[in-house]
Amino acid sequence: MDAEMPADQTDPAPGTPRFFGYGSLVNRRTHAYPEARPLVARGWRRVWRHTALRPVAFLTAVRGDGEIEGLSAGVPGGDWSALDEREAAYIRAPLPGGEAIYHIPDGMHGAPSETHPILLSYVDVVVQGYLTEFGEAGVGRFFETTDGWDAPIHDDRSAPLYARATPLEPEETALVDRWLARVT
């Protein structure tokens, strides 16, 4: 279970606690955490899941073969309270590189269902982040390295239920829709 930073990246603030985001935290429009930079977490897979703590499905990371591309960012002053509140349905666990990853432990989550669907507004936010950070190839890797696309998806674009929904450009909407048509 490895975390790997691109060779040209260095930690501009040694000793600052960092987290690894692999879903909506990849979209910088949803947060103001400093010094965000690309990171790959090896030994993890991203998957759609739900828990009793939320009425809809969301992304989590599970240990296993694979790797997850995302962003690492600093936690100002080491104050985890705001991030812990945002990620309340998850536990925070350390990665070997020093970052923390939020995930739901095995046995504490289930597959999405009609009563716990994936919100399209959430998918939109995540894809917008991957497009900005990693380009269209990164969007492809997001879809290809995420399990659980056979889940029901609730189209809430016209009235987003996701708290951090961001508007998409028409090209971004079309990109999301093309990829969803491939994986669902």
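A quick note: this is a predicted structure, and the numbers were derived from the prediction, not measured.

Cut-offs and rules
Residues numbered from 1 in each chain as written. Predicted model: local features only at pLDDT ≥ 70, side-chain atom pairs only at ≥ 80, totals over all residues. Heavy atoms only, no water. Helix = DSSP H or I, 4+ residues; strand = E, 2+ residues; numbered from the N terminus. Rg over C-alpha atoms; globule rule 2.2 N^0.38 Å. Buried < 20%, exposed > 50% of the residue type's maximum accessible area, 1.4 Å probe, protein only. Contact = heavy atoms within 4.5 Å. Areas by Shrake-Rupley, 256 points an atom, 1.4 Å probe, with all protein chains shown as cover. pLDDT = per-residue confidence, 0-100. Polar contact = N/O pair within 3.5 Å; in protein donor to acceptor, adjacent residues only side chain to side chain. Core = buried A, V, L, I, M, F, W, Y, C linked by side-chain atoms within 4.5 Å.

### A closer look at the overall build of the chain
The secondary structure content of the chain amounts to three helices and nine strands. N-terminal to C-terminal, the α/β element order of the chain is β-β-β-β-α-β-β-β-α-β-β-α. Rg of the C-alpha trace for the chain: 16 Å, near the compact-globule value of 16 Å for 184 residues, within the 12% margin. Along the first, second and third principal axes, the C-alpha set of the chain runs to 45 × 35 × 30 Å. Burial status across the chain gives 50% buried among its 184 residues. Across the chain, every contact between residues at least 6 apart in sequence was considered, and the portion connecting residues at least 24 apart equals 75%. As displayed, the chain offers around 8,600 Å² of accessible surface, 53% of which is attributable to carbon and sulfur atoms.

### Overview of the confidence of the model for the chain
Scored by pLDDT, the chain comes out at a mean of 91, with 92% of its residues at no less than 70. Here residues 4–12 scores under 50 on pLDDT; set against residues more than four positions off or in separate chains, the count is 15 contacts.

### Thoughts on the environment of Tyr102
Note that Tyr102 resides in strand β6 (residues 100–103). Separated by 76 residues in the primary sequence, Tyr102 and Arg178 have C-alpha atoms spaced 29 Å apart. Every residue in contact with Tyr102, bar those within four places of it in the chain, is listed here: Tyr22, Trp80, Leu83, Asp84, Glu87, Tyr90, Ile91 and Arg92. A distance of 2.4 Å separates a polar atom in the side chain of Tyr102 from a polar atom in the side chain of Asp84. Among the polar contacts listed, one links the side chain of Tyr102 to the side chain of Arg92, at a separation of 3.5 Å.

### So, the nonpolar core
The biggest cluster of nonpolar side chains holds 50 residues, and the ones touching the most others in it are Tyr22, Tyr122, Val123 and Phe143. Within the residue set of this core, elements represented by two or more residues are β2 (18–21), β3 (37–49), β4 (58–74), β6, β7 (118–119), α2 (120–144) and α3 (170–183). For this core, the element with the most residues is α2, which contributes 11 residues. The contacts of Val123, once residues within four sequence positions are left out, are Trp48, Ile118, Phe143, Trp149 and Val176.

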